Number of protein chains: 2
Amino acid sequence: MPVNLTAPRAEDLHPVQGLRLGVTEAGVRKANRKDLSVLLLDEGASVGAVFTRNRYCAAPVQVCREHLEGGQAAIRAMVINTGNANAGTGAPGLQAARDTCAALAKELGVQPQQILPFSTGVIMENLPVDRIVAGLPAAIANAQPDNWAQAAEGIMTTDTVPKAYSLQAEVDGASITVTGISKGAGMIRPNMATMLGFLATDARVSQGVMAQLARELADGSFNRITIDGDTSTNDSFVVIATNKADHEEITSLDSVPGQALKAAMLVVSRQLAQAIVRDGEGATKFITVRVDGGKTQEECRLAAYAIAHSPLVKTAFFASDPNLGRILAAVGYAGIDDLDQGRIELYLDDVHVVTQGGRNPAYQEEQGQRVMKQAEITVRVDLGRGEASDTVWTCDLSHDYVSINADYRS
Amino acid sequence: MPVNLTAPRAEDLHPVQGLRLGVTEAGVRKANRKDLSVLLLDEGASVGAVFTRNRYCAAPVQVCREHLEGGQAAIRAMVINTGNANAGTGAPGLQAARDTCAALAKELGVQPQQILPFSTGVIMENLPVDRIVAGLPAAIANAQPDNWAQAAEGIMTTDTVPKAYSLQAEVDGASITVTGISKGAGMIRPNMATMLGFLATDARVSQGVMAQLARELADGSFNRITIDGDTSTNDSFVVIATNKADHEEITSLDSVPGQALKAAMLVVSRQLAQAIVRDGEGATKFITVRVDGGKTQEECRLAAYAIAHSPLVKTAFFASDPNLGRILAAVGYAGIDDLDQGRIELYLDDVHVVTQGGRNPAYQEEQGQRVMKQAEITVRVDLGRGEASDTVWTCDLSHDYVSINADYRS
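Residues numbered from 1 in each chain as written. Chains lettered and ligands numbered in written order. Predicted model: local features only at pLDDT ≥ 70, side-chain atom pairs only at ≥ 80, totals over all residues. Heavy atoms only, no water.

**Digging into the pattern of salt bridges**
Quick note on the threshold: Any Lys or Arg side-chain nitrogen found within 4 Å of a carboxyl oxygen on Asp or Glu counts as a salt bridge. To qualify as a helix, a DSSP run of H or I must reach at least 4 residues; to qualify as a strand, a run of E must reach at least 2; elements of each kind are numbered from the N terminus. Between buried and exposed lies partly exposed: a residue is buried under 20% and exposed over 50% of the maximum accessible area for its type, with that area taken using a 1.4 Å probe on protein chains only.
A full pass over the atoms with the stated rule returns 38 salt bridges over all chains. Note that R290 of chain A and D292 of chain A form a salt bridge whose closest N and O atoms lie 2.9 Å from each other. Salt-bridge contacts for R385 of chain B lead to E299 of chain B; the nearest nitrogen and oxygen are separated by 2.7 Å. With R385 of chain B in the loop between β15 (376-382) and β16 (388-395) and E299 of chain B in helix α7 (residues 297-309), this pair connects stretches of sequence that are 86 residues apart. We classify R385 of chain B as buried; its relative accessible area is 17%. Given the relative accessible area of 9%, E299 of chain B is considered buried. Shared partners join several salt bridges into a network, and the residues in it are K295, E299, D338 and R385 of chain A.

**Observations concerning the sheet that holds strand β12 (residues 345-348) of chain A**
Residue and element names in this part refer to chain A. The condition is simple: A pair of strands is treated as paired once DSSP finds two or more bridges between them.
Spatial ordering of the open sheet is given by β9-β16-β11-β15-β12-β13-β14, a layout of 7 strands whose pairing is mixed. With one partner strand each, in any of the chains shown, β9 (225-226) and β14 (358-359) form the two edges of the open sheet. When β12 meets strand β15 (residues 376-382), the two strands line up antiparallel, connected through 4 bridges. Its bridge partner lying in β15, Y347 is registered against R380.

**Focus on the confidence of the model for chain A**
Residues and elements named next belong to chain A. Definition in use: Per-residue confidence from the predictor is reported as pLDDT, which spans 0 to 100. Here, residues are in contact when the closest pair of their heavy atoms is within 4.5 Å.
On average, residues of chain A score 88 in pLDDT, and 95% of them are at 70 or above. Within chain A, no element has a lower average pLDDT than β9, which sits at 75, and none a higher one than helix α3 (residues 129-141), at 97. Note that residues 186-193 has pLDDT below 50 and, in this model, 55 contacts with residues that lie over four places away or in other chains.

**Examining the interface of chain B and chain A**
As a reminder, the rule being used: Two parts lose some accessible area (1.4 Å probe) when they are put together, and adding that loss for both gives the buried area. Polar contacts here mean pairs of N or O atoms no more than 3.5 Å apart (in protein, one a potential hydrogen donor and the other a potential acceptor; neighbouring residues in sequence count only if both atoms are side-chain atoms).
On the side of chain A, 59 residues touch chain B, which itself brings 59 residues to the contact. When the buried area of chain B at its contact with chain A is split by residue, R55, Y56 and M124 of chain B rank highest and sum to 17% of it. For the pair chain B and chain A, the number of links is 0 salt bridges. Put simply, chain B and chain A have 7 residue pairs in polar contact (both at pLDDT 80 or more) between them.

And the structure:
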């Protein structure tokens with residue numbers, strides 16, 4: 001059961017002018033499943049993306065990087081299959097990703113380099129290119145601007161609910177739309193080893209700043225979540241500006257309109273990223289880990305991730321057991337070499353648990369117990385050595401996590 | 001159920017001349033439990049130790065470091081309690097550890113700095129010093145040279161079997177004995193957040209090389225195991241030479257006798273370290289992860305630990321499911337920045353699963369299935385970029401791990 005997360009309503013997802021989405025059943029791995037989606041862009045769109053930092057990245061990730069870095073021709077379409085990650089597939093896998101691009105390019109009358117391919121699913125099995133290619137015409141025929149809800153379903157794997165979010169904002173005096181979809185669990189994904197995120201706006205943004213925009217949005221959202229610490233081979237996050245809105249082109253993210261757009265897009269990115277955690281495998285709780293008082297943001301992030309990754313901390317949350325020394329232990333091994341444990345403060349929501357590195361004399365176990373029973377919990381640590389902060393979102397570790405991942409595939 | 005591990009027989013554990021062990025029930029946390037042990041050394045012993053690298057280290061660890069670094073007076077005794085880790089306890093915790101040392105020193109007629117204290121158990125609760133001090137006379141009265149089996153029990157927490165190993169070897173023409181005990185799970189421990197290891201020999205070793213000996217032995221044994229990636233606040237590994245054997249004092253580990261002694265002690269250290277993994281919380285399989293072909297041993301270790309820590313890899317082992325792409329993904333995010341995935345080879349025992357980064361065409365799923373069903377499995381990865389190797393030992397991640405850690409304390 002996802003934590004405080006329900007499927008989006010189609011009518012809440014604003015179309016983005018200049019972008020159409022189509023979905024079909026291609027039978028990639030199983031029959032009767034929406035497993036093939038295309039995302040078609042009018043001429044003139046700007047596209048930026050960030051991909052997994054896993055060195056063992058999937059074939060489609062390698063092809064995406066080539067096509068984006070080439071930069072000769074603007075991106076005109078994306079193709080996404082579920083059921084098979086096309087990772088750990090060597091040279092035949094690369095060929096399969098290229099063949100998919102070539103087939104879609106031919107259907108659309110564009111160049112193969114103008115296509116970005118994405119795959120998600122089981123690792124180390126060969127991609128059934130024939131079935132994907134055979135499904136393309138139906139996916140294209142299905143393409144419409146108001147098809148975001150169906151596309152959110154079309155990219156699901158072990159997700160239990162589709163994930164989408166949309167808003168409208170004002171940028172440089174013009175009304176703009178931001179709509180996005182995501183699946184799987186972040187940089188850090190259990191089962192199918194893939195998270196995908198697609199975020200589109202009709203705002204006008206020059207191609208030159210798209211890579212930076214994608215990076216900064218990911219950094220404030222998808223790069224701040226974890227479920228189990230496993231960085232996937234296929235993680236991809238794509239940002240699209242269709243350039244249809246009625247304002248001056250944004251050529252710098254530091255400009256006033258650039259900042260306004262980024263703020264609006266960050267809201268959607270965070271909603272999509274947090275949705276992945278809320279629907280994390282076996283998740284029963286949604287946990288915000290905030291670390292203050294660091295010398296640098298980097299060390300705050302190290303400490304926050306150490307807490308968020310600790311199986312001991314995560315099982316304690318699952319059990320609603322305020323066994324909070326486990327949080328201190330995680331901070332201690334986070335890699336902050338000159339940490340002074342005597343300055344650490346720990347809060348669970350509003351409850352002050354640890355002061356000066358030891359148990360707060362005023363802390364009562366019942367107070368911790370009360371917070372631990374909630375479905376949404378904020379852990380706040382103060383390192384007492386500076387002014388920097390950072391935040392990470394995660395979930396607990398439950399029996400269902402083990403069941404899902406032990407049973408998957410078999 | 002531990003993996004191929006049974007309790008040691010008392011008659012297999014050779015006494016080490018110059019060392020006596022005593023155990024009693026002090027009621028630290030629960031009644032009717034052997035929870036207080038002392039280890040008494042004759043005058044003239046050499047002692048070295050390594051401790052957790054967790055910056056949030058426990059009070060007894062801090063006191064041990066002080067007493068060893070002081071170096072004014074030789075160590076004459078150690079005191080170990082279970083049931084309470086005396087970690088996250090601030091200034092009162094430090095005082096409690098010092099009071100324990102003072103009390104034992106008084107009983108023995110030595111200085112407090114000649115005592116090393118150890119605690120293991122729940123974090124962030126105050127140590128009941130009074131009960132420990134009250135139990136010391138009974139523990140001392142119980143002390144005998146042939147009491148290793150009882151001491152192995154006396155330091156247990158969530159361990160399901162006591163852990164001890166002993167051998168006799170020849171060093172510099174003399175017969176020497178090496179005997180040791182351990183508990184909990186390595187640098188990396190689930191539940192009670194503590195591993196302890198005590199290793200003693202009657203060989204003659206100068207105090208000057210003891211720290212190096214402890215470091216090198218830990219590096220080849222306890223620093224190569226993981227259960228869940230949580231580095232504890234209390235990990236301690238102590239090496240004792242009682243200097244009673246009949247050979248020239250060893251003043252260098254590079255000498256022939258020094259190497260012979262280290263080899264013998266490493267056998268015992270590895271047995272004790274691997275015993276901790278075999279009895280890891282919820283463990284159903286014992287897994288050796290060996291990484292060859294690295295440029296440096298350090299990068300091999302990174303890759304081996306990435307595999308050994310991955311919840312996805314560990315649940316696949318639990319399920320006996322050869323979902324081996326998960327191993328590739330872990331290698332990919334291990335942090336080897338210039339890794340070439342096209343050179344990676346993967347073997348499961350004798351089965352060649354991956355070649356040149358992709359699925360080996362000759363690999364059949366049934367072969368992987370056969371190996372995955374075994375209780376002992378070796379994963380071997382070749383990075384194809386150098387001559388270095390490293391090995392790490394770990395276990396799988398089962399439902400019992402979640403149950404044990406979710407239920408603990410509550």
